[in-house]
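Take a look at the letters that make up each chain.
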Amino acid sequence: GAVVSQHPSWVICKSGTSVKIECRSLDFQATTMFWYRQFPKQSLMLMATSNEGSKATYEQGVEKDKFLINHASLTLSTLTVTSAHPEDSSFYICSARIRPISYNEQFFGPGTRLTVL
Amino acid sequence: RKEVEQDPGPFNVPEGATVAFNCTYSNSASQSFFWYRQDCRKEPKLLMSVYSSGNEDGRFTAQLNRASQYISLLIRDSKLSDSATYLCVIETGANNLFFGTGTRLTVIP
């Protein structure tokens with residue numbers, strides 16, 4: 001089946017540091033990838049939709065200048081948490097959908113656990 | 001009102017038991033419905049889609065009630081390996097997925 005990888009799987013950083021998370025589709029091309037965030041005991045919340053070759057679409061309440069998304073190729077999207085603070089500590093998960101769009105399953109990456117001290 | 005609401009759980013059931021989860025959604029225009037399974041500190045994985053006529057996959061049965069705007073998941077003959085969090089996921093458009101908070105299931109030996 002389709003595989004989505006994320007790197008790193010976990011990161012611990014100091015407050016004020018910027019952290020980049022990579023999301024790769026390993027055996028398929030993904031024109032659209034999605035970035036979610038999950039706080040403990042809460043549901044996944046969509047942060048943004050990453051479109052290859054164009055600007056990402058951010059959900060309401062998500063700061064685009066703080067969470068920079070770059071989708072430079074059909075197999076790679078990156079999320080950069082700029083000047084991370086403790087409240088940004090969360091589980092960040094990306095997902096991708098196989099084309100054509102009529103196939104509904106989204107494949108999720110293994111997630112990146114970010115801890116900001 | 002939340003887009004998706006699930007049974008609060010947790011559910012602790014003995015092996016072999018039958019357990020059912022419900023999930024209600026608020027958007028009557030919702031188009032697609034899914035149950036995902038998420039193990040602790042892991043990513044969600046698709047368990048099954050939910051079709052209008054209801055569908056079954058082994059010990060798992062999913063049903064959709066559009067009139068009452070809810071979906072359900074029934075697990076028969078529970079196994080220890082079924083222990084996980086079950087997420088109800090509703091799609092309202094091409095890329096708009098809404099996740100429930102999940103229901104935690106623990107199957108006890």
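Residues numbered from 1 in each chain as written. Chains lettered and ligands numbered in written order. Predicted model: local features only at pLDDT ≥ 70, side-chain atom pairs only at ≥ 80, totals over all residues. Heavy atoms only, no water.

Undergrad: Would you mind going over the pairing of strand β4 (residues 32–38) of chain B in detail, with residue names and values included?
TA: Residues and elements named next belong to chain B. Of all seven residues in β4, seven are buried, a share of seventy percent or more. Bridging between β4 and strand β9 (residues 84–91) involves seven bridges; their strand directions are antiparallel. Among the inter-strand pairings, tryptophan 35 is bridged to a residue of β9, identified as cysteine 88. Bridge count for β4 against strand β5 (residues 44–49) is five bridges, and the pairing is antiparallel. Following the sheet pairing, tyrosine 36 is matched in β5 by leucine 46. The hairpin formed by β4 and β5 contains five residues between the paired strands, and arginine 41 there has a positive phi angle of roughly 60 degrees. (Buried < 20%, exposed > 50% of the residue type's maximum accessible area, 1.4 Å probe, protein only. Helix = DSSP H or I, 4+ residues; strand = E, 2+ residues; numbered from the N terminus. Pairing = 2+ DSSP bridges.)

Undergrad: Report on the state of the cysteines, specifying residues and quantitative values.
TA: Enumeration according to the criterion identifies two disulfides over all chains in this entry. Disulfide pairing is shown between A:Cys23 and A:Cys94; the S-S distance is 2.0 Å. Across the disulfide from A:Cys23 to A:Cys94, rotation about the S-S bond amounts to roughly 80 degrees, and the bridge is consequently right-handed. With a gap of 71 residues between them, A:Cys23 in strand β3 (residues 19–25) and A:Cys94 in strand β9 (residues 90–97) connect regions that are remote in the sequence. Taken individually, A:Cys23 and A:Cys94 each receive the classification buried, so the pair is uniform in this respect. Paired through a disulfide, B:Cys23 and B:Cys88 show a sulfur-sulfur distance of 1.9 Å. (Disulfide = S-S within 2.5 Å.)

Undergrad: Lay out the environment of B:Asn96 with the relevant residues and their values.
TA: Residue and element names in this part refer to chain B. Looking at the element boundaries, asparagine 96 is found in the loop between β9 and β10 (97–99). Separated by 66 residues in sequence, asparagine 96 and serine 30 place their C-alpha atoms 9.6 Å apart. Beyond its immediate chain neighbours, meaning those up to four positions away, asparagine 96 contacts Ile90 and Glu91. (Contact = heavy atoms within 4.5 Å.)

Undergrad: Can you explain unusual backbone geometry? Please cite residues and give values.
TA: Between A:His7 and the following residue, A:Pro8, the backbone shows a cis peptide bond with an omega angle of 0 degrees. Its location among the elements puts A:Pro8 in the loop between β1 (4–7) and β2 (10–13). Of note in the backbone geometry, B:Arg41 takes a positive phi value of approximately 60 degrees without being a glycine. Summarising the element assignment, B:Arg41 is placed in the loop between β4 and β5. By relative accessible area, which is 59% here, B:Arg41 ends up exposed. Despite not being glycine, B:Asp77 has its phi angle at roughly 50 degrees, a positive value. With respect to the element layout, B:Asp77 can be found in the loop between β8 (70–75) and β9. Its relative accessible area of 36% is what places B:Asp77 among the partly exposed residues.

Undergrad: Describe the interface of chain A and chain B, listing the residues and the values that go with them.
TA: Interface size is commonly expressed as the accessible area that is lost once the parts come together. Facing 17 residues of chain A, the contacting portion of chain B comprises 17 residues. For the chain A and chain B pair, buried surface summed over both sides reaches about 1500 Å², with 54% attributable to carbon and sulfur atoms. If you look at where chain A meets chain B, you find one residue pair in polar contact (both at pLDDT 80 or more). Of all elements in the fold, only β4 (32–38), β9 and β10 (106–108) of chain A reach the threshold of two or more residues within the side of chain A that touches chain B. The dominant element in the side of chain A that touches chain B, judged by the number of residues it contributes, is β4(A), at four residues. Counted by class, the side of chain A that touches chain B contains eight nonpolar, six polar and three charged residues. (Buried area = accessible area lost by both parts, 1.4 Å probe. Polar contact = N/O pair within 3.5 Å; in protein donor to acceptor, adjacent residues only side chain to side chain. Nonpolar A, V, L, I, M, F, W, Y, C, P; charged D, E, K, R; others polar.)

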